[in-house]
Each structure stands twice: as C-alpha cells, then as structure tokens.
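# Examining the three-dimensional arrangement
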Amino acid sequence: MNVLLMIFDFFIVIFSLLVATFLRFDFDLPSNFLQQKSMFFLAYSLLMVSTFAAFGEYEEKWEYSSLKEYTKTILTFLSVNLFIGLFFYFSQGFFVPRSIFLISLPLSILFIVASRVFYRGLREYSIDQDNGLKVAVVCKEENLSKIFDEVKFFNVAAIFLVTNKRIVGRTFRGIPVFYDISFLKKIPVNEVFVDKEIGEELYLKVVENKHYNSIIRKVDLKPYLLIENFRIEDVISREKREINVEVDKDKIFLITGAGGSIGKYIAKELINLGVKKIKFLDYSEENLHNLRLELLPFQDCQKEFILFDIKDENIHNVVGEVDVIFHCAANKHVPIVEENKYTAYLTNVVGLLNTIEALKRKDREFVFISTDKAVKPVNFMGLTKRMGELITLSYKDDYRKSIVVRFGNVFGTSGSLIPTVIKQINMYNKVFLTSPDVKRFFMMPDEAAKLIISSLQIDNGKIAVLDMGEQIKIIEIIQKIIQVVAHTRKIDIEIIGLRKGEKIEEELFFDFEKIIDKKDYVFVVHPNVEISKNEIIDFIRKLMENLKSTKDLDNFIENELKDFVLSIKKV
C-alpha cells in the first residue's frame, strides 16, 4: 500500500476544505471558525483516505494509470460523498455550512486526479531516462511465485495473470497485477517473460500487444524453470562493432547454405538494405521451408528458393542469372566433421570448387565464408576451410572480386555456445567444458552479416577479418549464463578434457599474412601466398580418383589435404 500517497491525499482533502471555507465566506472568516471546525476537517479527511484504502485505491500503480483508474477514483470519491452529503443535509449545517462541502467536493476531485496525472507524467519521464532493464511477466496464477522468484533480480514493472482467479489486492510483492493483456502495450518494458503454459492463443495476444521494441522470453517450469531466447547482451560486455554497409540494390544476390544461421542473417540484412532480388540455395528442404516462412512478410524483395546440392555440376543451370554469391554452405561443427571427414570434404571442398568453377564470370563477385579455425588448423573442419580460402583466392582472375571473410564464433547460430549451454542445463543440470583455459573470439550475428556484405568493398583477392577484441574465456560466459538463467540452482561445470582437434586459443592471422588496411573494425589482409588454380583443381581431381581404391577414406583425405595445404608457398 502506498502510504505516502495516503498522506498526500489526506492533506489534499484538508486543503480543499480550507479553500472552500475561504470561498464560502469571501475570505472573511468568522472568528475562531477554523479552530472550532478543525476536528471535523481532520475526521472528514481521515474518513476519505480510509475509504480510498478500503476500495484498493492505494494498491494501484499510478505510473501506469489510465482513464479506467481515474474514473474509478472519481466514482469512489462521489460514492462516499453521496452518503456524507445526506448526513450534511439532515444536519442543517450544524457541523459546517453545507456550501463548504459542495465547494470542496469538486476541488478535492480535481486536486486528487491532477496529482495522479502529474505523478504518472513524472514517472514516465524518469522511465525514459532510466537505462535499466525493465520487464513484465505474463503467467498463470499458480505459476506466479516460482516464475517471480526467477526473474525478481530484474526490474519487474508489471504482472499479467491470464487465469480467471483474482489474488487479494492489485499487487504482488509490490508489483502491479493486471488481468487484461491489451494493457501491456501501455507499459514501457524491455522484455516480457511469458509462461509457456499459457497456450498459443494467449501467447499470440502477448505478441500483438507488447511494446514494439520489447523482447519476448519464454519461461518453462517443466521439469524446472528455464528461460529461452537468451539475450547475447546478458553475457558479453564489449562495444558493438558498427560496420557501414552499402550494396548495389539492383544486383541479384545468391546465398548458398541460405537456410543456416549465417545465411539467414545475411538475407535479412540485404532485405533491410533494400536489395530487390535474392536467390536462396540450400540442400535442406526443411531449412529452406523455414526460411521462406521467416521472409514471408518482406514483399518488396523478389525471392527465389532453390533446393539443390552444391556438389551437383548442373548448379550453373539451376542458379541462372546472378551478380554476387555469398558462399555459406558448409559442414561446420567440429566434432561431427571430425567423425565424418569424407562427407565434410565433399561439401566444404568439392562443393565449393564445383560452385566457384561453375559460376565463374568476370563481372561476378564471390565471397567465401571462412573461420578463425582455418588459421594454423588442427582439426579437419579448419583444414577444409583453409583449403576453401586457397580455392577462393586462386579464382581472383576469374571474378571481378573473389574475397575471403574470416571470423570467430557467432553467438546465436545453431550449435553455438549459448543454446548449447542452455540445453545442457535443461537436460543434465550441469554444463560440460573441455578446459577452463579455453578462449574464443566472439561476434554478434548482425556483425557477421554486415562484415560479409561489407567485404564487397575491399580489393579483389584479399581477406576481411573483423576486429572482435580480446578472446573471452568460455568458462566466464558459462558462469554468466548460469547466473542469469539458473541463479537459484546449483549448476556444476564438469571439465571433460580437450577433444581431438581443439585448441586452447584461436588465431585470426597467419604469421606471413599482412594487414594492409582497417576500416570500421574490419582488417583488410593480404594473403601473401602463391596459389595456382590449376594445381588445386588437379589435386582435388586426383584425390577423388585415389579415393576409389582406398578403404580408410577419412585418414587418407586428412593426410592428403594436410600435405597439400602445407605445401602452398608463402610469398
């Protein structure tokens, strides 16, 4: 209950009576009038405040007040004074002249409502000035206590109950409680925590009524509470890399592996830039279907969805006219690739060569997406990516631009750190870590997309690398994730030892590479290697022939590929 507001209303009523008294006697009061009537004024004011409290007036959260709350206040005031007015009428002015009561009534209403309007305006201003993370909770009443215990470390601004039951009063632990989800749009919160048990219909109503820049985070209580849609900003505290991006909107863009995480971010960034036509190629029908659904609202861009395998030599017939190719298609998960080297080789090396060879044309631009694991590679995925870099750079004379983009781990992509840690908390109540000393470079998904698109501005045959700051210890990120999503439970971090092909730290550059420029956090790197396209093609064709007579495909491919990559001469 808002005690300060009660005291404030008490003095407002007294002030209204005093003003009415002065007006009644034209500011010429009878002697000792106020002294004689002071006890009545105090009693009347206490009666009004007590009645307001009984009607729940001081349970309201007036920083979120609307016409409904103001109307309720006026009706409450008038209802009480209806009975008091009858008492005054029959008293024949014994206590105070009846005209004082009639004058003070509208004055009290005016001052009380005005004070609440002023309070709301003051609070809205302070909210706009506050950068703190404000959240709302939407849940079933029976789940309220558990959910609130998990999110109470945020600044909870409002609670919405979706059941028909009513808890006593209009607040829960000092937080206002509402029952109409449509009121959600009036509350300026950063995030909305939604109970997963509320059902699809109510969830869609939350989506429709939330503030336009609010983020929805689902909350699951089975078998224990877990927050989904984890925000990257909760665990990484470095300055966001602002990269200026410009494209020729009239060019036709092709994204291979478009259904993957990076492909989607590139697609959305291109659409935001106003590109008129994009072709999306992917081997997975499900990924392509999901991408189509995600991009359905963007009608201004002409979209073409191509279900195709990049290893098929007919790719040039299927793709058709295109000006810029972003090659994202790849097998990228290190443990899976280590156990399936032959398949990964076919996709990451043969598929790339097939694509870049089939689509080569002097007026086209080709961008290959690489990784920091390609630098001094110790695992097969990194080895195939380094081979992909060499293939791309060797085709610089066949394209207007043939560019390599190299970056570290991307938050939020499929199989990346944050979703993996949250899944492990959910499944095992513990997190598995290879080593407490492991460090990695990290970047935001939109940073990755902008870096890839901005690489079109650098010179042909160069490598673009984002300045991602210092490497971050994985264990520190895991600890922050646990603190946010499971801070009330004990989550163990189990050290399982480094896996085959895993480094303690990654590197962004070879020792022989030369940084020749830096723009908007992007390093432009000269590869400083002698690359023969024909030599690469001959090696790959010979390797594929030898595989026909080889039983141990994985080891043979790894050894041959490693020898070839190391044989490339440095300038």
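Now for a look at the structure at hand. Predicted, not measured: the structure shown is a model, and the values here were computed from it. (Residues numbered from 1 in each chain as written. Predicted model: local features only at pLDDT ≥ 70, side-chain atom pairs only at ≥ 80, totals over all residues. Heavy atoms only, no water.)

### Regarding the nonpolar core
- One finds Phe326 and Phe407 to be the most contacted residues of the largest nonpolar core, which totals 93 residues.
- Broken down by element, this core gets its largest block of residues, 8 residues, from helix H11 (residues 341–358).
- When neighbours within four sequence positions are excluded, Phe326 is seen to be in contact with Phe253, Leu254, Ile255, Thr256, Ile266, Leu270, Val367, Ile452, Ile453 and Leu456. (Core = buried A, V, L, I, M, F, W, Y, C linked by side-chain atoms within 4.5 Å. Buried < 20%, exposed > 50% of the residue type's maximum accessible area, 1.4 Å probe, protein only. Helix = DSSP H or I, 4+ residues; strand = E, 2+ residues; numbered from the N terminus. Contact = heavy atoms within 4.5 Å.)

### Looking at the sheet that holds strand S12 (residues 361–371)
- Ordered in space as S10-S9-S8-S11-S12-S13-S18-S22-S21, the 9 strands form an open sheet in which the pairing is mixed. In this open sheet, the two edge strands, each paired with only one partner strand, are strand S10 (302–307) and strand S21 (514–519). Mean inter-strand twist for the sheet, computed between neighbouring axes without regard to direction, equals 20°.
- Here S12 runs beside strand S13 (residues 399–407); their pairing, made up of 8 bridges, is parallel. Pairing of Phe368 across the sheet is with Val404, part of S13. (Pairing = 2+ DSSP bridges. Axes fitted to C-alpha atoms, helices over the stretch in contact; angles between N-to-C directions.)

### A few points about the side chain of Thr347
- Along the polypeptide, Thr347 turns up in helix H11.
- What Thr347 contacts, discounting residues up to four positions off in sequence, is Ile310, Lys311, Ala330, Asn331 and Leu352.

### Let's talk about the pairing of strand S15 (residues 430–433)
- Residues Val431 and Leu433 of S15 are buried on one face, while the alternating residues Lys430 and Phe432, pointing to the opposite face, are not.
- Across 4 bridges, the pairing between S15 and strand S20 (residues 492–495) is parallel. Across the sheet, residue Val431 finds its bridge partner in S20, namely Ile493.

### Describing the side chain of Glu338
- Summarising the element assignment, Glu338 is placed in helix H10 (residues 334–339).
- By relative accessible area, which is 10% here, Glu338 ends up buried.
- Leave out the neighbours within four places in its chain, and Glu338 touches Asn379, Phe380, Met381 and Lys500.

So, to be careful, I would describe these as geometric facts and stop short of saying anything about function.
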